[in-house]
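Letter by letter, the chains look like this.
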Amino acid sequence: MASGSSEVEEEEQERVMLRDRPEWADVTPVPQDDGPCPVVPINYTEEFAEVMDYFRAVYLADERSPRALSLTAEAIHFNAGNYTVWHFRRLLLELLKVDLHEELEFIERIAAKNSKNYQIWHHRRRVAEKLGPDARNAELQFTKKVLSVDAKHYHAWSHRQWALQALGGWEDELDYCSELLEQDIFNNSAWNQRYFVITRSPFVGGLKAMRESEVLYTIKAIEAYPENESSWKYLRGLYKGETTSWVNDPQVSSICLKILSSKSNYLFALSTLLDLICHGYQPNQDFRDAIEALKIPDLDSQDLDIASMICSILEKIDPIRVNYWIWRKSRLPHVAQ
Amino acid sequence: MVTVCNVSFMAMFTFKMGELVTDKHVKYILSVEKRKDDFESVVMEHLRMNGAYWGLTALDLMGKLDVVDVNEVVSWVMSCQHDSGGFGGNVGHDPHILYTLSAVQVLALFDKMDLIDADKVTNYIVGLQNEDGSFSGDMWGEVDTRFSYIAICCLSIIHRLDKINVEKAVKYIISCKNMDGGFGCTPGGESHAGQIFCCVGALALTGSLDLVNKDLLGWWLCERQVKSGGLNGRPEKLPDVCYSWWVLSSLIMIDRVHWISREKLIKFILDCQDKEKGGISDRPDDAVDVFHTYFGVAGLSLLEYPGLKPIDPAYALPVDVVNRIFFKK
């Protein structure tokens, strides 16, 4: 280090082209097969093309060496989507007996810029699989980090579900879901994960055992934001396989009534009430009063039965799905009112 | 009065809904196919087989497949095949089920099915089915319902569907069904329109749609339509043109497409066009790419936008190509 100069970050160091590196002097790069080597004005592309030309050389020669390993790292830095490079890297990791904990760190660095990439996640899984239960905390931490940037990240959730099932760590997962829902009650991925935990965690008594507490939790969420599709779906899901329990649970019908009476964001309250009626629920006068109090203009007063009235209202307040609500009306059981 | 009566249906339609600038999109797709030097194409070179399928199918839907050099494309496709029977994303790339399907689809577009060694491709795919009925993407073992669809679609096209364990394949897909009626990538995975397309498509191609709760799923799917008319892939996410395909084709396969607003979706897709340079983007005013151009055109075809060839929702190939596969002697 020259005296007086500041420390240079790794990324800011002048990158040396492979053709200028003595340790690569013995290798002839292999250009892309489907065209002549292009003369490109953009430097970045030239560097990238060169890395790939050298990669092709070691790949075709099946050279499994430390320099090949670092070359795959360079290639991945340029393009984390190239699955052939990742494959070759895995072969090298195996042969060269690389410390897989370090590999996890490498993946994390790459993921920082490329998280929406199937290859990275698949590679991470292969490495974590090899490490086994040792990798448990690392995987939960890693996915948590990614989710802290994008709480709906599909790959991260998929990986997290795999990690819980393969490596464990279920104990804190329900709390983690609650944390995320506190940040964004509309996060459908977090609701899905909640369902995943209560139905599959070996530490929890199963759906039926969790139903009571989960219903309370969900009703609170619905009260706070009745326009939240996820919370209503979750409530329904808590009674999976037991529709009668769902229909007969007074908490379900009363939350519908409560939201209707508030006259605000009542679309899902109405559709849930409709579903209840279609499964045999018989609403009392309070429901009728609440619906009339909505004072929906131009409502066809010929609709004497409450279910038809609900469908008519939904046709009006959810016009983009008018055909769906018309169909629902056509399928109503003919209940005498 | 006379002038008004003479206005053609086409003119009325485009006046009301906006115009699909077909020629610009054709030019755009061809320019992407030719480009090999710029950063975007170098970064995408490993999935060129997918890109070829997107670009060529879009061209065919617009009736312009003949502007492409068949022999050049076909010989390139065949050069991507490995001894295992699988195809790589480009020359010098490892085989993967993703590119195997795209390769077979591209050959089908050009009516070059006779070039496919069906037994070889079948062997490759059969080897990727796991004990639980799921499919891996390649020898490295990634499992995802996308691969179930790909395996089933590919084998169906080459008339070898009976070579896999269909019952187990279907059982695995159903194990990925969620309480909201949708499907995820693996059991317990969040319902996602892309995964739903794959699962519903696979069930359609194996004659197993009776296992889908069509009313429940249909509602989940039509709930994807947001105020702007576009479709998202999950609750509370932004609309994206590619969902015009995945949500729409799923709705068609389960006979519930009338539950969305056709006009509003058409308008959304048309608004995603770059009317000067051609191409379609994920949402209005974003950068275009071949992927979204294909899905926008395919979505419009499903919506019966005039001037486009009809597309099969399960095979994701033009209907005349599918007919040729199954009815040609």
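These figures come from a predicted structure and were not determined experimentally. (Residues numbered from 1 in each chain as written. Chains lettered and ligands numbered in written order. Predicted model: local features only at pLDDT ≥ 70, side-chain atom pairs only at ≥ 80, totals over all residues. Heavy atoms only, no water.)

### Focus on the interface of chain A and chain B
- Counting residues at the interface gives 49 residues for chain A, matched by 54 residues for chain B.
- Looking at the side of chain A facing chain B, the largest losses of area belong to Tyr83(A), Tyr154(A) and Ile320(A), adding up to 16% of the total buried there.
- Our enumeration of links across chain A and chain B arrives at two salt bridges.
- Note that Arg321(A) and Glu223(B) form a salt bridge whose closest N and O atoms lie 3.7 Å from each other.
- Put simply, chain A and chain B have 25 residue pairs in polar contact (both at pLDDT 80 or more) between them.
- Among the secondary structure elements, those contributing two or more residues to the side of chain A that touches chain B are α1 (43–61), α3 (83–96), α5 (118–131), α7 (154–167), α9 (188–200), α11 (229–237), α14 (267–278) and α17 (322–330) of chain A.
- Tallied by class, the residues present in the side of chain A that touches chain B amount to 20 nonpolar, 17 polar and twelve charged. (Contact = heavy atoms within 4.5 Å. Buried area = accessible area lost by both parts, 1.4 Å probe. Salt bridge = Lys/Arg side-chain N within 4 Å of Asp/Glu carboxyl O. Polar contact = N/O pair within 3.5 Å; in protein donor to acceptor, adjacent residues only side chain to side chain. Helix = DSSP H or I, 4+ residues; strand = E, 2+ residues; numbered from the N terminus. Nonpolar A, V, L, I, M, F, W, Y, C, P; charged D, E, K, R; others polar.)

### Some words on the packing of helix α2 (residues 66–78) of chain A against α3(A)
Residues and elements named next belong to chain A.
- The contact between α2 and α3 brings their axes to 10 Å, and the two run at 145 degrees. The hand of the α2/α3 crossing is left-handed. For the pair α2 and α3, the contacting residues are Pro66, Ala68, Leu69, Thr72, Ala73, Ala75 and Ile76 in the first and Val85, Trp86, Phe88, Arg89, Leu92, Leu93 and Leu96 in the second.
- For the contact of α2 with α3, the residue count by class is twelve nonpolar, one polar and one charged. (Axes fitted to C-alpha atoms, helices over the stretch in contact; angles between N-to-C directions. Left-handed = near helix turned anticlockwise from the far one by under 90°.)

### Some details on the packing of aromatic side chains
All names here are of chain B.
- What the rule picks out here adds up to 32 aromatic pairs over all chains.
- Relative to Phe295, the ring of Phe291 lies with its centre 4.8 Å away and its plane at 70 degrees, an arrangement referred to as edge-to-face. Within this pair, Phe291 and its partner Phe295 are both found in helix α15 (residues 290–302), separated by four residues, close to a single helical turn.
- Since its relative accessible area comes to 22%, Phe291 is described here as partly exposed.
- Overall, Phe295 belongs to the buried group, its relative accessible area being 5%. (Phe/Tyr/Trp six-rings, centres within 6.5 Å; stacked < 30°, edge-to-face > 60°. Buried < 20%, exposed > 50% of the residue type's maximum accessible area, 1.4 Å probe, protein only.)

### A word on the confidence of the model for chain B
- Chain-level statistics for chain B give a pLDDT mean of 93 and a share of 93% at 70 or above.
- Interface confidence for the predicted complex, given as ipTM, is 0.92, next to a pTM of 0.91. (pLDDT = per-residue confidence, 0-100.)

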